Amino acid sequence: QVQLVESGGGLVQAGGSLRLSCVASGRSIRSDAMAWFRQAPGKGREFVAAIRWSGGSTAYADSVKARFIISRDNAKNTVSLQMNSLKPEDTAVYYCASGRGGYYADSAIYDRWGQGTQVTVSS
């Protein structure tokens, strides 16, 4: 079974940047897509960005488009999320997910999740 491990979270001031990474291990066959979701205290899990292993096409939530960039390294089974121009409202636990084909923003298509990494943006 695939295991996903996120890293790169931390504390940053508004306007700053962070780069998150997610390393997949424990499997030899990749899923159709990888994604990042986030969850702020007291709120549901929110779609952030997704990427296909094959072709590398991407999709972003409107709230992060033009600020965040998702990328992949197929050889290393790694997906990254470069976060720029961070805002306090970006504060959340960020989760990496691996899933089957379907609507990229639907959390239900992702059946493997990492433990999450905390991102805190201060004013």
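Residues numbered from 1 in each chain as written. Predicted model: local features only at pLDDT ≥ 70, side-chain atom pairs only at ≥ 80, totals over all residues. Heavy atoms only, no water.

Scanning the protein for helices and strands turns up 0 helices and 11 strands. Each helix and strand of the protein, placed in order from N terminus to C terminus, yields the pattern β-β-β-β-β-β-β-β-β-β-β. Rg of the C-alpha trace for the protein: 13 Å, near the compact-globule value of 14 Å for 123 residues, within the 12% margin. A principal-axis box enclosing the C-alpha atoms of the protein has dimensions of 40 × 25 × 25 Å. Buried positions account for 42% of the 123 residues belonging to the protein. Sequence separation of at least 24 residues holds for 55% of the intrachain contacts in the protein that already meet a minimum separation of 6. As presented, the protein carries roughly 6,300 Å² of accessible surface, and 47% of it is formed by carbon and sulfur atoms. (Helix = DSSP H or I, 4+ residues; strand = E, 2+ residues; numbered from the N terminus. Rg over C-alpha atoms; globule rule 2.2 N^0.38 Å. Buried < 20%, exposed > 50% of the residue type's maximum accessible area, 1.4 Å probe, protein only. Contact = heavy atoms within 4.5 Å. Areas by Shrake-Rupley, 256 points an atom, 1.4 Å probe, with all protein chains shown as cover.)

The residue D90 is located in the loop between β8 (78-83) and β9 (92-99) in this model. In terms of polar contacts, D90 uses its side chain to reach the side chain of R38, at 2.9 Å. Discounting residues that sit within four places of it in the chain, D90 has contacts with R38, R67, F68, S85, V119 and V121. (Polar contact = N/O pair within 3.5 Å; in protein donor to acceptor, adjacent residues only side chain to side chain.)

We now examine the sheet that holds strand β1 (residues 3-7). Sheet architecture is open: 4 strands sit in the order β1-β3-β8-β7, paired in antiparallel fashion. Every interior strand has two partners, whereas the edge strands, β1 and β7 (68-73), have only one. Each neighbouring strand pair of the sheet contributes to a mean axis angle of 15°, computed without reference to strand direction. As paired strands, β7 and β8 are joined by 6 bridges and run antiparallel to one another. Bridged to S71 within β8 is S80. (Pairing = 2+ DSSP bridges. Axes fitted to C-alpha atoms, helices over the stretch in contact; angles between N-to-C directions.)

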